[in-house]
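Examining the three-dimensional arrangement
For reference, the chains in residue letters:
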Amino acid sequence: KNSPQQKSACYNHMDVGWTNHTFAEEYFYPGNNAKIKEVVVNKSLLPHVKWVPKRAINSYPFGYFGGQYRWGDPDFIVHCPSTKGKAMFLPHYIERGLLNAGLRPDPAADARRDPSAVPNATSSTRPWVIHRFARPGVSPHICLQSRWVERHRRRHNNDNEMKMQELRIHYAKLHGYDLYSLGSEPTRPRLTRRESTQLLIDKTDCDYIFWLSVDAVIVDINFEIE
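Let me sum up the structure you'll find in this document. (Residues numbered from 1 in each chain as written. Predicted model: local features only at pLDDT ≥ 70, side-chain atom pairs only at ≥ 80, totals over all residues. Heavy atoms only, no water.)

1. Quick look at the pattern of salt bridges
Using the following cut-off: Each salt bridge in this description consists of a side-chain nitrogen of Lys or Arg and a carboxyl oxygen of Asp or Glu lying within 4 Å of one another. The secondary structure listing takes helices from DSSP runs of H or I that are at least 4 residues long and strands from runs of E that are at least 2 residues long, numbered from the N terminus.
Tallied over the full model, the rule gives two salt bridges. Here Glu 38 ties to Lys 35 by a salt bridge, and the two come within 3.4 Å at their closest N and O atoms. A salt bridge links Asp 215 to Lys 86; the nearest nitrogen and oxygen atoms lie 2.9 Å apart. A residue pair is termed long-range when its members are at least 10 positions apart, and Asp 215 in the loop between β6 (208–212) and β7 (216–218) and Lys 86 in helix α6 (residues 82–88) qualify at 129 residues.

Here it is, written out as structure tokens:
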């Protein structure tokens, strides 16, 4: 119901942890929740929103955006943003992540797979591709959310996106999490992400929703979000 300008202002307010480096280093990265009320627009969500130490969850590759991650470090996710990150780091970390998950017995083997080989994961499903692995009545009910579209495959002429989805599905199944993948191409990616998360809050029984960026690779398949 809000105008595009109101939604944009809301997003910019929420994104201070990214745009204000002083704020990020003091509060956002170390998981200090003292200022979280200042950036959460919908105050009713405060009981459900927490910052955790960035290093424990998400890291950049060594030397990239000041990143310190080296293969073998005890991180859950390595994040490879921007066109450069996708070209330089994603192929390497995807293969290592798949190998670490036991999905690639031979590192030298051809890892390419047709999307139809992964159940319920086709690019024609709109707008959601849903994989339900949570046991009925489980508490807490943890859900993963991601945006899975074919645009990276078309733009970069590779199958990284399908490999990423394969890894997410395996991780969700291993830990009993539900995986919601937004399959449609968003016209406003960051705003659409917020709106789609609100939809999951309103329409599902998820206790926690963990966002997986489209360019973030799971490198520790045994990491438990709990």
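The discussion continues.
2. Here's the deal with helix α3 (residues 21–28)
Here is the rule we go by: Partly exposed residues are those whose accessible area sits between 20% and 50% of the maximum for their type, while under 20% is buried and over 50% is exposed, using a 1.4 Å probe and protein chains only. The arc in question is traced by the directions running from the helix axis to the C-beta atoms.
Restricting attention to buried positions, one finds in α3 the residues Phe 23, Ala 24 and Tyr 27. All buried residues of α3 lie within an arc of 100° about the axis, which places them on one face of the element. For α3, the exposed residues set more than 90 degrees away from the buried face come down to His 21, Thr 22 and Glu 25.

3. Concerning empty space enclosed by the protein
Applied cut-off: Cavities and pockets are found on a 1 Å grid laid over the protein atoms alone: a cavity is a set of points where a 1.4 Å probe fits but cannot escape, a pocket is an open set with protein on both sides within 12 Å along at least five of seven lines, and a lining residue has an atom within 4 Å of such a point. Grid points are joined across faces, edges and corners, and a volume is the space filled by probe spheres set on the points. Residue polarity follows a fixed list, in which Ala, Val, Leu, Ile, Met, Phe, Trp, Tyr, Cys and Pro are nonpolar, Asp, Glu, Lys and Arg are charged, and the others, Gly among them, are polar.
In this structure the tally under the stated criterion is two cavities of 30 Å³ or more. As for the second largest cavity, its lining consists of Met 164, Leu 167, Arg 168, Ala 216, Val 217 and Ile 218. Of all the elements in the fold, those that place two or more residues in the lining of the second largest cavity are α9 (160–175) and β7. Class assignment for the residues of the lining of the second largest cavity results in five nonpolar, no polar and one charged.

4. Quick look at the pairing of strand β4 (residues 142–147)
What counts, and what does not: In this analysis, strands are considered paired if DSSP registers two or more bridges between them.
Counting buried positions along β4 yields six of six residues, so the element is predominantly enclosed. Here β4 shows a buried face lined by Ile 142, Leu 144 and Ser 146 and a second buried face lined by Cys 143, Gln 145 and Arg 147. The pairing of β4 with β6 spans five bridges and is parallel. Considered in β6, the bridge of Leu 144 is made with Phe 210. With five bridges connecting them, β4 and strand β5 (residues 178–182) associate as parallel partners. What sits directly across from Leu 144, in β5, is Leu 179.

5. A look at the state of the cysteines
As used here, a disulfide is simply a covalent bond connecting the sulfur atoms of two cysteines. To keep things clear, this is the line we draw: Note on terminology: pairs of cysteine sulfur atoms within 2.5 Å are recorded as disulfides.
For the coordinates displayed, the defined rule picks out one disulfide. A disulfide bridge connects Cys 143 with Cys 206, and the sulfur atoms are separated by 2.0 Å. A torsion of -85° about the S-S bond marks the disulfide between Cys 143 and Cys 206 as left-handed. Of this pair, Cys 143 sits in strand β4 while Cys 206 is found in the loop between α10 (189–203) and β6, placing the two residues 63 residues apart along the sequence. Judged by its relative accessible area of 0%, Cys 143 is buried.

6. Quick look at the nonpolar core
We count it as follows: Buried Ala, Val, Leu, Ile, Met, Phe, Trp, Tyr and Cys residues form a nonpolar core when they are joined through side-chain atoms within 4.5 Å. Here a residue-residue contact requires only that any non-hydrogen atoms of the pair lie within 4.5 Å.
With 31 residues, the main nonpolar core has Phe 76, Tyr 93, Leu 144, Leu 167, Tyr 171, Val 217 and Ile 218 as its most contacted residues. When contributions to this core are tallied by element, the ones reaching two or more residues are β2 (77–79), α7 (90–100), β4, α9, β6 and β7. The element contributing the most residues to this core is α9, with five residues. Not counting chain neighbours up to four residues away, the residues in contact with Tyr 93 comprise Pro 61, Tyr 69, Trp 71, Val 78, Cys 80, Val 217 and Val 219. Grouped together as the second largest cluster of nonpolar side chains are eight residues, Phe 23, Ile 36, Leu 46 and Trp 51 included.

7. Details of the packing of α7 against α9
Quick note on the threshold: To get an axis, fit a line to the C-alpha atoms, keeping to the stretch in contact for a helix; angles then go from 0 to 180 degrees between the N-to-C directions. Any angle that falls under 35 degrees is termed roughly parallel, while one over 145 is termed roughly antiparallel, one within 65 to 115 roughly perpendicular, and all others oblique. Note: crossing handedness is left-handed where the near helix turns anticlockwise from the far helix by less than a right angle, and right-handed where it turns clockwise.
In the contact formed by α7 and α9, the axes pass within 10 Å of each other and the chain directions differ by 30°. Considering their axes alone, α7 and α9 lie roughly parallel with respect to each other. Considering the relative orientation of α7 and α9, their crossing is left-handed. Mapping the contact onto sequence places Leu 90, Pro 91, Ile 94, Glu 95, Gly 97 and Leu 98 in α7 and Asn 160, Lys 163, Met 164, Glu 166 and Leu 167 in α9. Across the contact of α7 with α9, the residue classes tally to six nonpolar, two polar and three charged.

8. Overview of the environment of Val 49
Within the secondary structure, Val 49 is located in the loop between α4 (36–39) and α5 (54–57). Sequence separation of Val 49 and Tyr 208 is 159 residues, and the distance between their C-alpha atoms is 9.0 Å. Residues in contact with Val 49, not counting those within four places in the same chain, are Ile 36 and Val 40.

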